[in-house]
Structure formats: C-alpha cells, structure tokens
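Listed below, chain by chain, are the residues.
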Amino acid sequence: MQRVQSVSKQLFKSYYRFNAFLLVLAMLFSCCYSVSAQMVELRGKITGWQGKSLPYVSVWIDGSERGTTSNGQGLYRVFLNPGTYKFSFRTPGYKPVLIKIDIGANQVDYDVKLSQIEGMDHLNIIADSIISQVIAGRNAYKDSLPAYTSDVYNKELQRLDGLPKNFIEKDVAHEMHMNPNRKGIINLKETIEKFHNRSDNYASERLIAEKLASNSKDIFNFNMPPQMHVDFYNNTLHFNGFDEHAFLSPIADKALNYYHYQMVGTFNDHDLLIYKIKVIPIHNDEHLFSGMIYIIDKKWALYGVDLHLSNSAHLDFVDSIGIHQQYVPEMAGNWVPQVTDFSFYGKFMGFKYSGLFLNLYQDIHIDTTLISPNYHEVFYSNKEAYHKDDKFWNENRPLLITAEENRFYQQTALAGQHLKDKMLADSLQNKNNKLRLLPYLLKGYTLHNYNNNTSWTFQSPYNMVFYNTVEGWGINVNIKYTKLYDTLHSLVIIPQARYGFSNRVFNANIFANYIYNPFKQASVYGRIGSDFLDLNNTGSVSLFLNSLTTLFLGNNYLKLYQSRFIMAGTAGEIANGILLAGQFEYADRRPLFNTSHHTFNKDSLLTSNNPLDPYGNTLLFPQYRALIFKGSATFTFDQHYIITPSGKFILLNPYPRVRINYRTGIPELGSNVNYHFLSVDVFQDRLNMGIYGYTAYFLSAGEFLSAKNLYYPDFNQFHGGESFFFNAFFGSFHFLNYYTYSTDKPYFEAHAEHNFEGLFLNGLPLLNKLNLQEIIGGSYLSQGTQPIYKEIYIGLKRTVVRVDYGFAFGRYINRVQGFRLVYNL
C-alpha cells in the first residue's frame, strides 16, 4: 500500500512538472510570437535636386500591394513586420529608386534621394505615335482592370497666404491661430475610407474615420473638394467648386485635335521603359491641361501625371491648379493610381489662398466578391466615424503630419474645449448675434441660441415693405424659427402677418415643417390662416420686384386673390428613386379689386386685378370653397446617393427623371369644385456633354380628365416672364404673360437650354479674359385656348450673373423681344 502511494506521488509530481513545463513553453512561445508580431517603424526623408524635400512621393512595397507617401516636408514612415522588403520610390519628374531594405527588431532610418529625369531630343511624331497608341487602347485597358478594394487616406488642407492690409487685427489673427504675417491654416481635414472599385459605372466608399479642424467660418472658407478619384482615362474631368466646365484629358479620344506632344526623356522602372512626354495645348484659351505625362512602353498605359491648369484654362475662384499623380503596379500587373496630389492657388481682392487635396491608396487588393444589392450607395458614413480619438489616428494615419498641422489641431481642440465653458460660449453667442446693419439690409438677421440649438431669422427691410394696386402700401412680416433636435430631426415654424393700408385688410397664417427621416427625405408640414396669394399658382413676380415695376414703370404685374385655408401634407421616399408627396387643402377663396392707383410714372395706365379683363372691373371668379387633394410620384432611375449622419443626399443623374402629378377637387364639406387633373413631367437639370457644356430640359403634358366645376385659381398655370427681372427656375418662359395662358384644356410645354461654357467666346481676344459662358435655349407651349407660343433666347453668364436676350412668337400676337436679367441662379 505504501509502495502504491509512493508511485502515485511520483506520478503526480511528474504530471505537475510536465504541466509546468508546458506552461513555461507556452509563455515563451507567446513571448516570441509577440516579439515577431511587433511592427517595426521604417522612416526617413526623401529629397531631390540640391537636397530639396520632395512631398507626396509614392512609397510602394513591391509584391505586397501596400504603400504610403511622404508628407509635405518629404518625411515618410511605414510599419512592417521584421523581414526583407523591396521598395519603390516614385514621383512624376524623377527616376524611380528600387531598393531592398532589411527590417530588424528596431526602428530603421532610411533616407532616399531621387534624381531628375534627363532630357533628350526626339521628333514630335514619335510622341504623337505613342499618344495615339494610348488613345487607341484607352478604353480596352480601363475595362481590363479588375475590381479592387483599397484603404484610402484623404487630406484636405486650405490656407490663407495673405490678407488685405488692415483687414484683420493682431488679436483677431491670434484668435484664428494665424501668425502675425497673416498666414496660416484655416481648414484641415483627414479621412480614412474603404474604397471599392467595381467598374467604370460603380465605385463605393465607406468612411472609417474623419478628423476635422476649422476656424474660417467668419472670415474665409473654400472647402469644396474636387472629385478626389481623378481619372485621366476618362475623356473629360470635372472638378467640383473650381469650374462648371469640363477639362479635356490629354489622352481623350479627340486629344490629338487639341494638344501637341513632345518627347522629353525616357527611363526604366524595373524592366519597363517609361516615356516622359510634354503636353502642350494647341490653343491657350481653352479648358486644357499643360505639363507632363508618363507612358509605359508596350502597355501604352499611364505611369504618372504632372499636369497644370492656369488662368488661360478659364478657372473660377482660383488662378491655378496642379495635379500630380503616381501609378503603381498591383499583383496582376495593372498600373493603378496610388498617390494624387491636387493643389490650387488663388487671389481675390487682396486675399491670397491655397490648398491641397491628397488622395492615397494604402492597400490595393483584387476583389472577387459580388456587387452588393445597395450598389447605388456610393458613400456611407455614420456617427462613430467622426469620433475617433488621437490614439486611433496615431496608429492608423499613414503619413506624418507636419508640426504646423499638429499645432493647428491642438489649438482648435483647445478652442473647442473653451467653447464648453458657459461664459465663453455666451460670449461667442453674443458676438455672433450682434446686429450688423449692412448684412441685415441685404439678407436679414439671425439670432442664435447655441444652448438649445434654436434660431430666429428676421427678414430684411426690403422684403417687409411693399406696394401693389390691391393693398396699396403694405407691411409683410414673417419670422422663421428653427429647432434642431439632433442631426436627423428638425422643426421649422414660420408665422406671417400682412397688412395693406389701402384696403385695410389684415392677413395672418403660420407654417410648420417637421423633418423626421432625412434618409427617406421624409417630412410633414402644415399651414393655416389667411393670405393674399398669386393667381398664378406657379408664381409670377415677388412683392419687392412688383413694387419696383408698379411704382417706377407703371406695370402692376402681380394679380392676387384672398384665401382662408387649412393645409397639410407629407413627402418621402418609399424606395430608392421613388419619391411620393401628397397634400390636402380646404380653402375659402375670394376675388380682389384694386384699391390704389399710385405710381411715379404718370404716363402709365395700371391694369385691373382681373388679368382677363385688364381695363374693366369685373369679377374673375365668384367666392367659393375648395377641398383639394394633390399628389405626385417622382421616379429617378438608377439613383445614386451618399449617406451621412445628416441624411441621404442625391447625386447628379445621367438619366431623365419622371414625375406624375394628380390633382382633384372634391365636392364634399361645402366644396364647390369638382374636377380631376393629370400631368406627366420629364426633366433633367444637367446632362453633361463633355467639353461642349451641358444641357437641361423640361417637358410636360397634361389635361383635365373631368372638369364639372372649377374656377380660375384651379386652372393649370404656366410660369411666365413679363418682367425685366427673370426667375431662373427652369421650366419658365421668358416673355409669356403670367396669367392669360392659364387653361382648363389639354396642354404641352417644352423647355430646352444648353450652356456651352465658353466653347466659342474663349477663342476671342479680350472677351476670353471675362470667362463668359454662352447659353442658348427655347420654349414651346400649346394649351388649347390660345395660339401656340414659342420663344428662343441667347445668354451670357459669369458665375452668378446672367443676362439673356430673346424673341417670342405666336400666331395673332406681336413679336416680343428684349433683355432679361436672370436671378435666383
């Protein structure tokens, strides 16, 4: 028995020792694994000629589909497991450096110097033949690129490089974190995204993180980035916020008609021969690039881009744009862009500003997954992406930020903490709520309350006082109350009061709109009270403009009726691209007469308030009640959109949109109307035509399916244009009488307009300096009661200013012609 116990003890000790040995072995293995898994930092500086720092150089790890870039000071870093790696350092204008670097257990410092490409002389025909090969295979090469995914890092940076003298005091400059010489960062944003590229027609992004710092709200803000995924394989390129016009790619189908090409040099990258070719616009005053492109021999594909747009390219808001783009090979041997550096410079009225949009693909992987059902969603972000801490950014930011950028982040963060202090927040609120006379006169005044996210907006004086022949001199006051509950829910309430001193009638009503689901564009709204309304339910001329034309020109265009009403409606998407809207209204409607005939133009003869009997004093319609329902369904085919925490935002669509409208007068609850009206609209706000500009059109047809009883306010109305001041609402007629073409018969109207965006005027001396855009358009109307109406017009536009000259034609009517100053662009 003792022997058995002794053996048992020995076995127990052996078992204990064996388990202890396994535990120690496991700990050693875990320790070794942790060491081997520890990422090691490789860092250094990239320089070029005379030791000058080279910013935004592509640093690519061959065979791994990973990479980074140097920062604005030429510094780079990348974290790797220990081992031996092949690195390629590339940037347009310099020969690539291909080296092996051993990564051990400790940080590795490795500086790199790049040499400029040597020049050479070749006949232009050689360069032209190379470009011809690229153009011939451009579409095939692009279509052959496989679908891929990538982690994308973006940086947006805007700077003020100078301000007008005496514009900003030192204490204000200090508050804006600017140095005393009036220079400094005003906006800085970084994002990390997951990018999916499936084909030419489908790409999507999902925001992982965003870091934003800004202090330019009150002084200057130019935060409108271009399309960050710049693709010169497209025929044309558009840059949002810089110019409406499209810019022709140097390898577009018709590029040889617009560019000269000159061979500058050659070099090798691995076993590939690369051509450096100079791009020269044939005509300077066109929307064309200049600079260098780099072509891979035999593949006839882009290797790199170093192109510029100058004043001669007719830019808006900026003076020059530079685009540097470096391509790298992915595993299948295709070359894709890894680093895009988009920079701009500008000046305006003493302001000097510049900016940078950096786009970096960190990892590129061939993606064989199927397209997800929500492929219409091209961008997605949620709240969590905007609240990543500094630890996240230090671990995931692929490049070093500069000392100036770091200081700007710290200062704006400190300013944000100060805003949490109630005294400082109240001080800022009082400062922003200070009434400034000139802004108030021009656009009104807004009173903010940051503590409960509300605001009160008061209209400007010129919108408060009016004159018309129905009310005489009058006062119209409306106050807008806005309440933001959170990023998804908001309420707007607008009470209105209106009084005419000639007819002594007081009207008051209140409007409310509640947005409850911005992801579905969903809202409910209502309005109750009384008001004087335009007899043309599409709108004719504003109270302010009508006051001017009546008093000074003797043209009282605006015709009114009184409505005492209650109305409620709702709108929202039931599926992507299908937007429904519906509204009920119950109203008591009364005709009105002129009560004042005052005008400064003694030779004019004012017309009555009855547009069908302008020089009589007859009733246009009797007093009646109307219970009306109207609804619409708008269809947007293949609708693409972006999702942010604030809601859903629809993108420009290349296909026509269709809207079906239905309206009915219901003979119930004392209502005197009984009709059914149906119409169909087909329209498109912007159809891009490349370098030839863009087209817009609006077609509409409809009829009353039954019209047992209806009055003039229920007729189908058209948006006319008798005044010199013309509303740019597309679907408007430049010269059509506001009221006499209203109809209860079948109708068809068509509007078409094309903006050439400087295609012709850019070639004319002197005029090409004005950056004018040429516009041509026309309209057509058939409405069953009047002769067919037609008009054509031409126009010139410069940013937000546009002037048209046109002609109107119609059987049995005199030809009308004249100028129109377009507003509300």
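For the structure itself, look to the data block above.
A brief report on the enclosed structure follows. Residue indices follow the written sequence of each chain, beginning from 1 at its first position. Whole-chain, interface and lining totals are the exception, using all residues; otherwise, since this is a predicted model, local features are given only for residues with pLDDT of at least 70 and side-chain atom pairs are given and counted only at 80 or more. Hydrogens and water are ignored here; the side-chain numbers use all heavy atoms of the structure.

This part takes up the side chain of E190. Each helix is a run of H or I in the DSSP string that is no shorter than four residues. Each strand is a run of E no shorter than two, and both are numbered from the N terminus. Checked against the element boundaries, E190 lands in strand β10 (residues 184-199). Assessed through its relative accessible area of 0%, E190 is described here as buried. Reaching out from E190, the side chain makes a polar contact with the side chain of Y153 at a distance of 2.4 Å. Any two residues whose heavy atoms approach within 4.5 Å at even a single point are treated as in contact. Discounting chain neighbours no more than four positions away, the residues touching E190 are Y153, N154, K155, A209, E210, K211, W393, R397, I401 and Y409. Three exposure classes are used, based on accessible area relative to the maximum for each residue type with a 1.4 Å probe and protein chains only: buried under 20%, partly exposed in between, and exposed over 50%. In protein, a polar contact means a hydrogen-donor-capable atom and an acceptor-capable atom, both N or O and within 3.5 Å, with residues adjacent in sequence counting only if both atoms are side-chain atoms; elsewhere, any N or O pair within 3.5 Å suffices.

Before going further, it helps to examine the packing of aromatic side chains. Each pair of aromatic rings is reported with the distance of its centres and the angle of its planes. Note on aromatic contacts: the rings of Phe and Tyr and the six-membered ring of Trp form a pair at centre separations within 6.5 Å, being stacked when their planes are under 30 degrees apart, edge-to-face when over 60 apart, and tilted otherwise. Counting across every chain of the model gives 43 aromatic pairs. With 5.6 Å between their ring centres and 70° between their planes, Y76 and F89 make a pair best called edge-to-face. Of this pair, Y76 sits in strand β4 (residues 75-80) while F89 sits in strand β5 (residues 83-90), and the two are 13 residues apart along the sequence. Across the pair, F89 and Y76 agree in class, each one buried. Here the basic side chain of K388 rests over the ring of F392, its NZ or CZ set 5.3 Å away from the ring centre. Geometrically, a lysine NZ or arginine CZ counts as sitting over a ring once it is within 6 Å of the ring centre and also within 35 degrees of the ring normal.

Turning our eyes to something else, we now look at the nonpolar core. Put simply, buried Ala, Val, Leu, Ile, Met, Phe, Trp, Tyr and Cys residues joined by side-chain atoms within 4.5 Å make one nonpolar core. The biggest cluster of nonpolar side chains holds 58 residues, and the ones touching the most others in it are F232, F239, Y259, I277, F289, I293 and I321. Apart from residues lying up to four places away in sequence, I277 is in contact with A127, I130, I131, Y261, Q262, M263, G291, M292, I293 and I295. Counting residues in each nonpolar core, the second largest holds 35 residues, with L543, Y561, L781 and Y789 among its members.

Another aspect to go through is empty space enclosed by the protein. Any residue with an atom within 4 Å of a point lines the site, the site being either a cavity, points on a 1 Å grid over the protein atoms alone where a 1.4 Å probe fits but cannot get out, or a pocket, an open set with protein on both sides within 12 Å along at least 5 of 7 lines. Grid points are joined across faces, edges and corners, and a volume is the space filled by probe spheres set on the points. Scanning the model with the defined rule gives 3 cavities of 30 Å³ or more in all. As for the largest cavity, its lining consists of D243, E244, H245, H287, H314, D316, E757, G758, N762, N771, L772 and Q773. All amino acids are sorted into three groups, where Ala, Val, Leu, Ile, Met, Phe, Trp, Tyr, Cys and Pro are nonpolar, Asp, Glu, Lys and Arg are charged, and the leftover types, Gly among them, are polar. Classifying every residue of the lining of the largest cavity by side-chain character gives 1 nonpolar, 7 polar and 4 charged.

A contiguous nonpolar surface patch, about 560 Å² in accessible area, is contributed by Y462, F544, L548, F552, L553 and F600. The partly exposed category is assigned to L548, whose relative accessible area is 30%. In this analysis, a patch consists of residues with relative accessible area above 30% that form no salt bridge, clustered at 9 Å for like charges and at 5 Å for the nonpolar side chains Val, Leu, Ile, Met, Phe, Trp and Tyr. To be clear on the numbers: accessible area is Shrake-Rupley with a 1.4 Å probe, and residue cover counts the displayed protein chains and nothing else. Counted as salt bridges are all cases of a side-chain nitrogen of Lys or Arg within 4 Å of a carboxyl oxygen of Asp or Glu.

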